[in-house]
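# Observations on the three-dimensional arrangement
Spelled out, the chains give:
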Amino acid sequence: MGKDVIIACDFSSAEQTFAFLDRFSGESRKPFVKIGMELYYAEGPAIVREIKRRGHPIFLDLKLHDIPNTVKKTMAVLRDLDVDITNLHAAGTRAMMEAALEGLTRPDGTRPLLIAVTQLTSTDQAAMERDLLIEKPLDQVVMHYADTARLAGLDGVVCSPLEAARVHEVCGKNFLTVTPGVRFADGMGKDDQKRVMTPADAGKAGSDYIVVGRPITGTEDPVAAWKRCLREFLGSAE
Ligand code: C5P
């Protein structure tokens, strides 16, 4: 898999999701789809199987965080859904990440890519110090979590596009950076995203995948918005 735009399908029902995906049915390239907690908890594994059957690559964004044994057994269930990427919280520790990889690996040695959430982009320095008693600078914490994920054998991290270049410096250029927080330069407001980049700038900053929700799902013509994202993002890498 190369660089791509992942559409965050943040819908709460299968009906809404398929009404949205049907708009792309005439396209030869199937959009990469992110299924998050909202849709997964509403519709269960059936929605993953149906989107897969329609030929979309899938990032299953369930952000697991529990004791190693529980995460391992859960990953062993998720691996049979045959998604392309799934994830967990690096805060669960290296032991949890190693157990997750074990659970995710099929008997034939294949497995979906596994990436880690470092510090959520909704967490700022003040909250980290006050609520988590972590007093190091936030960017240092993010890089440490990314490097711990790399040492555990994971394939990459979810991070801000502003952190992508540094993650590649610390963890190597093949360590994947999957970055939300993307907005068109002339587009709608930032919504609740605080630090945003355009698809082109995220590409230049070294993002391997951009995750884009409302700038595509919230427009009159989502197919045109998706194609614009692809053009800007992939064009920037050439
Ligand atoms: O609509 P929007 O483009 O802001 O959607 C971004 C998607 O990426 C959402 O599904 C959101 O949950 C997810 N995400 C994020 N920031 C993170 C991790 C995930 O925006 N740090």
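I will try to describe carefully the structure that is included in this document. (Residues numbered from 1 in each chain as written. Predicted model: local features only at pLDDT ≥ 70, side-chain atom pairs only at ≥ 80, totals over all residues. Heavy atoms only, no water.)

### Here we look at the overall build of the chain
Broken down by element type, the chain carries eleven helices and eight strands. Whereas a compact globule of 238 residues would reach a radius of gyration of roughly 18 Å, the chain reaches 17 Å, a difference of no more than 12%. Considering only C-alpha atoms, the chain reaches an extent of 45 × 40 × 35 Å along its principal axes. Looking at the chain alone, contacts between residues at least 24 apart form 69% of all its contacts between residues at least 6 apart. Side-chain charges in the chain split into 30 positive and 34 negative, and the spacing between the mean points of these groups amounts to 3 Å. (Helix = DSSP H or I, 4+ residues; strand = E, 2+ residues; numbered from the N terminus. Rg over C-alpha atoms; globule rule 2.2 N^0.38 Å. Contact = heavy atoms within 4.5 Å. Lys, Arg positive; Asp, Glu negative; His and termini not counted. Charge placed at Lys NZ, Arg CZ, Asp CG, Glu CD.)

### Description of the sheet that holds strand 8 (residues 209-212)
Spatially, the eight strands close up into a barrel ordered 1-2-3-4-5-6-7-8, and their pairing is parallel. Ignoring which end each strand starts from, the neighbouring axes of this sheet average 25 degrees apart. Pairing analysis gives three bridges linking strand 1 (residues 4-8) to strand 2 (residues 32-36), with the strands arranged parallel. Within strand 2, the residue paired with Ala8 across the bridge is Lys34. (Pairing = 2+ DSSP bridges. Axes fitted to C-alpha atoms, helices over the stretch in contact; angles between N-to-C directions.)

### Some details on the pattern of salt bridges
Think of it this way: side chains of opposite charge can pair up when their charged atoms draw near. Scanning all chains against the criterion turns up 19 salt bridges. Lys34 is the salt-bridge partner of Asp61, the closest N and O atoms lying 2.6 Å from each other. Of this pair, Asp61 sits in strand 3 (residues 58-64) while Lys34 is found in strand 2, placing the two residues 27 residues apart along the sequence. The two residues Asp61 and Lys34 agree in class, both being buried. With its nearest N and O atoms 4.0 Å apart, the salt bridge here joins Asp80 to Arg79. One connected set of salt bridges, linked through shared partners, spans Asp22, Glu50, Arg53 and Arg54. (Salt bridge = Lys/Arg side-chain N within 4 Å of Asp/Glu carboxyl O. Buried < 20%, exposed > 50% of the residue type's maximum accessible area, 1.4 Å probe, protein only.)

### A few points about unusual backbone geometry
Phi at Asp82 takes a positive value of approximately 60 degrees, unusual for a residue other than glycine. Phi is positive for Leu133, close to 55 degrees, though the residue is something other than glycine.

### Structural notes on the packing of aromatic side chains
Applying the stated rule across the entire model yields five aromatic pairs. Measuring from ring centre to ring centre gives 5.7 Å for Phe32 and Tyr209, while their planes differ by 65 degrees; the resulting arrangement is edge-to-face. Note that Phe32 is positioned in strand 2 and Tyr209 in strand 8, a separation of 177 residues in sequence. The pair formed by Phe32 and Tyr209 is uniform in burial state, with each residue classed as buried. Centroid distance Tyr40 to Tyr41: 6.4 Å. Interplanar angle 65 degrees. Geometry classified as edge-to-face. With a relative accessible area of 15%, Tyr40 lands in the buried category. Residue class for Tyr41 comes out exposed when judged on its relative accessible area of 63%. Three or more aromatic residues joined by ring pairs make a cluster, and in this case those are Phe11, Phe20, Phe24 and Trp226. The ring of Phe184 carries the charged tip of Arg228 above its face, separated from the ring centre by 4.1 Å. (Phe/Tyr/Trp six-rings, centres within 6.5 Å; stacked < 30°, edge-to-face > 60°. Lys NZ or Arg CZ within 6 Å of the ring centre and 35° of its normal.)

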